[in-house]
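Residues per chain are reported as follows:
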Amino acid sequence: MKVVADATPLIVLAKIGLLDLLPKLHPRVHISAEVYDEVVVAGAGMPGASEVAKAEWIEVKQIQRRGDLSESQARFGLGLGELSTIVLAKEINATMVLIDEARGRHLAKLERLEVRGTVGILENLLRRREIDDLRAAFENLLVHQVHLDRDLLNRRLLLFGLPPL
């Protein structure tokens, strides 16, 4: 399964010290040059920058149809990272995108891509027994001021039979 990631899940996983577990779920993750620039170049010295730059399991790809990116940005008003993730996924026939932003997730679904966000990644890591405490991972998200709804996190915890935050 080909997977393309946006910047936010990579940055958030790096913030909570779990980016190195992502290849346990997806041995090869593709990112657009725009996402690379956002995380590594513009984000130099920030969480995720050095981890993404060094990750041999992350493959940076250029968008071939640059016009699609410009057209989509004008049409949907999304950031370059989200749009380039979706355009790249379509170009390389990926089946899944890792993206957190709501409008980006919506567009990816319209494009018939499977969507997984940071919360879903953490849940899959728990299912695969790569992490053993989902509640602690969610708490760590809040400690690092990741913009996630506490109610959403609590609903997800309840599905796993875990106490709310």
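Look up a bit, the structure's there.
From a predicted model like this one, the values you see are computed outputs, not experimental measurements.

**Some details on the packing of helix 1 (residues 7-15) against helix 8 (residues 118-127)**
Close contact between helix 1 and helix 8 brings their axes to 10 Å; oriented N to C, the two are set at 55°. Relative to helix 8, the element helix 1 is oriented oblique. Of the residues in helix 8, those touching helix 1 at Pro-9, Val-12 and Leu-13 are Thr-118, Ile-121 and Leu-122. Here the contact of helix 1 with helix 8 is composed, by residue class, of 5 nonpolar, 1 polar and no charged.

**Side note on unusual backbone geometry**
With a phi angle near 60°, Asn-93 is a residue other than glycine that sits in the positive phi range. On the basis of relative accessible area, Asn-93 is assigned to the exposed category, the value being 65%. Even without being a glycine, Arg-129 presents a positive backbone phi close to 60°. Considering the arrangement of structural elements, one finds Arg-129 in the loop between helix 8 and helix 9 (134-143).

**Focus: the nonpolar core**
Leu-22 and Leu-122 are the most contacted members of the largest nonpolar core, which totals 37 residues. What Leu-22 contacts, discounting residues up to four positions off in sequence, is Leu-10, Leu-13, Val-29, Trp-57, Leu-98 and Ile-121.

**What about helix 6 (residues 80-91)?**
In a regular helix each residue adds 1.5 Å, so 12 residues correspond to 16 Å; helix 6 covers 16 Å between its end C-alpha atoms and thus fits that length. Counting buried residues in helix 6 gives 10 out of 12 residues, a clear majority hidden from the surface. Those residues of helix 6 lying buried are Gly-81, Glu-82, Leu-83, Ser-84, Thr-85, Ile-86, Val-87, Leu-88, Ala-89 and Glu-91.

**Focus: the pairing of strand 2 (residues 29-32)**
Side chains Val-29 and Ile-31 of strand 2 all project onto a buried face; the interleaved residues His-30 and Ser-32 project onto the opposite face, where all are buried too. Examined bridge by bridge, strand 2 and strand 3 (residues 58-61) share 4 bridges and lie parallel to one another. Among the inter-strand pairings, Ile-31 is bridged to a residue of strand 3, identified as Val-60.

The rules behind these values
Residues numbered from 1 in each chain as written. Predicted model: local features only at pLDDT ≥ 70, side-chain atom pairs only at ≥ 80, totals over all residues. Heavy atoms only, no water. Axes fitted to C-alpha atoms, helices over the stretch in contact; angles between N-to-C directions. Helix = DSSP H or I, 4+ residues; strand = E, 2+ residues; numbered from the N terminus. Parallel < 35°, antiparallel > 145°, perpendicular 65-115°, else oblique. Contact = heavy atoms within 4.5 Å. Nonpolar A, V, L, I, M, F, W, Y, C, P; charged D, E, K, R; others polar. Buried < 20%, exposed > 50% of the residue type's maximum accessible area, 1.4 Å probe, protein only. Core = buried A, V, L, I, M, F, W, Y, C linked by side-chain atoms within 4.5 Å. Expected span 1.5 Å × (residues − 1). Pairing = 2+ DSSP bridges.

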